[in-house]
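This is what each chain is made of:
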Amino acid sequence: MSSEDCLGWAARDVSGHLSPYKFNRRAVGDDDVYVKITHCGICYADIAWTRNKLGDSKYPVVPGHEIAGIVSKVGSNVKRFSVGDHVGVGTYVNSCRDCEYCDDGLEHQCSKGVFTFNGVDSDGTITKGGYSNFIVVHERYCFKIPKSYPLASAAPLLCAGITVYSPMIRYKMNEQPGKSLGVIGLGGLGHMAVKFGKAFGLNVTVFSTSISKKDEALNLLGADNFVISSDQDQMKGLTKTLDFIIDTASGDHPYDPYMALLKTFGILVAVGAGTEIKFSPRSLFFGLRSISGSIVGGTKDIRDMIDLCVEKEIYPKIEVIPIEYCNEAIERVIKSDVKYRFVIDIENSLNPAGI
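Computed from a prediction, not measured in an experiment: that's the story for all the values here. (Residues numbered from 1 in each chain as written. Predicted model: local features only at pLDDT ≥ 70, side-chain atom pairs only at ≥ 80, totals over all residues. Heavy atoms only, no water.)

**Student:** So what about helix 11 (residues 326-334)? Which residues, and what values?
**Tutor:** Taken residue by residue, helix 11 has Cys326, Asn327, Ala329, Ile330, Arg332 and Val333 as its buried positions. Where helix 11 is buried, its residues touch strand 1 (4-11), strand 2 (18-25), helix 1 (44-50), strand 16 (318-321) and strand 17 (341-345). Once helix 11 finishes, Ser336 follows within two positions and takes phi at roughly 60°, a positive value. (Buried < 20%, exposed > 50% of the residue type's maximum accessible area, 1.4 Å probe, protein only. Helix = DSSP H or I, 4+ residues; strand = E, 2+ residues; numbered from the N terminus. Contact = heavy atoms within 4.5 Å.)

Take a look at the structure:
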């Protein structure tokens, strides 16, 4: 199979402004799947790399790593997928496939892992993401989505969903119904943590700086409690009441007030994108507490998460937009003005006819 022109939207410089861009995708190899992209979620990572916030952007940058679509072609060795299957592609598209992490289904921890966009693939090319009309990916990094599950809803699972699901499984929150979970922040990640927490039978408390999110947290998402994190009386009233906390907040904030809410042996997992974490060692010593970090998840966790979402009918709350609105949508993400994930309707708004 020959290589093929692809149409996407790319940022050319640190302004991050996205506009149409034609590029070439590699030919479909023996182990590859060609996915016609129908939907792509907008993630804060798209902002980070289109605007060179980490200093390593490789322009032009075609962002997007919450990808859902339909298989159009498969390589001769592909066994897990057939033409017409609904699939997802997440934050990475390659790894060494032979290290201890790859062997354990933790491909996202492989030192030779390749990001879905702005990464350097094994052939030296720069990867391009899901703000485009198709993608070619090795079948290992592709995930089947049952046709009963809407592709628009599936897209955010591939980053926002797995980012909170993976540490919840690591710390066996799915095996401890009745335990208490705190969720800091109620954005794309936070609202999925609430949904998974309730599916696991946990008692969920949402912490937010905005009272406007109270009704949504309690009545739309089903949280058990809502706390304004700046209210010191509310916070002190919850001292040593939580078994787990998942911190999805994207901005810097003090950690000691939250650590004080954990019971003995309590665990706080940081998955947000702040610039630093500061807390007193005493917050760990007194209460024998732990703090850890997490980022996305391996292939096994992604498959298990998709199965859970199908079984329990767990759907992200999304706002579907055309590709022409992506620049405005990104500005709204920066302002936290989205409930709770933008998803680009690639299939109906990105027209490849002109390439």
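**Student:** Hey, could you go over the pattern of salt bridges for me, with residue numbers and the actual values?
**Tutor:** On inspection of all chains with the given rule, the structure shows 15 salt bridges. A salt bridge links Asp32 to Arg26; the nearest nitrogen and oxygen atoms lie 2.9 Å apart. We classify Arg26 as partly exposed; its relative accessible area is 34%. One network of salt bridges, in which partners are shared, links Arg26, Asp32 and Asp121. (Salt bridge = Lys/Arg side-chain N within 4 Å of Asp/Glu carboxyl O.)

**Student:** So, the packing of helix 4 (residues 160-170) against helix 5 (residues 188-199): which residues are in play, and what are the values?
**Tutor:** Look at helix 4 against helix 5: their axes get within 8 Å of each other, and the N-to-C directions meet at 45°. Classified by the angle their axes make, helix 4 and helix 5 are oblique. Regarding helix 4 and helix 5, the two cross each other, and that crossing is right-handed. Note on element contacts: helix 5 touches helix 4 through Gly188, Leu189, Met192, Ala193, Phe196 and Gly197, opposite Ala160, Gly161, Thr163, Val164, Tyr165 and Met168. Among the residues making up the contact of helix 4 with helix 5, the classes are represented as eight nonpolar, four polar and no charged. (Axes fitted to C-alpha atoms, helices over the stretch in contact; angles between N-to-C directions. Parallel < 35°, antiparallel > 145°, perpendicular 65-115°, else oblique. Left-handed = near helix turned anticlockwise from the far one by under 90°. Nonpolar A, V, L, I, M, F, W, Y, C, P; charged D, E, K, R; others polar.)

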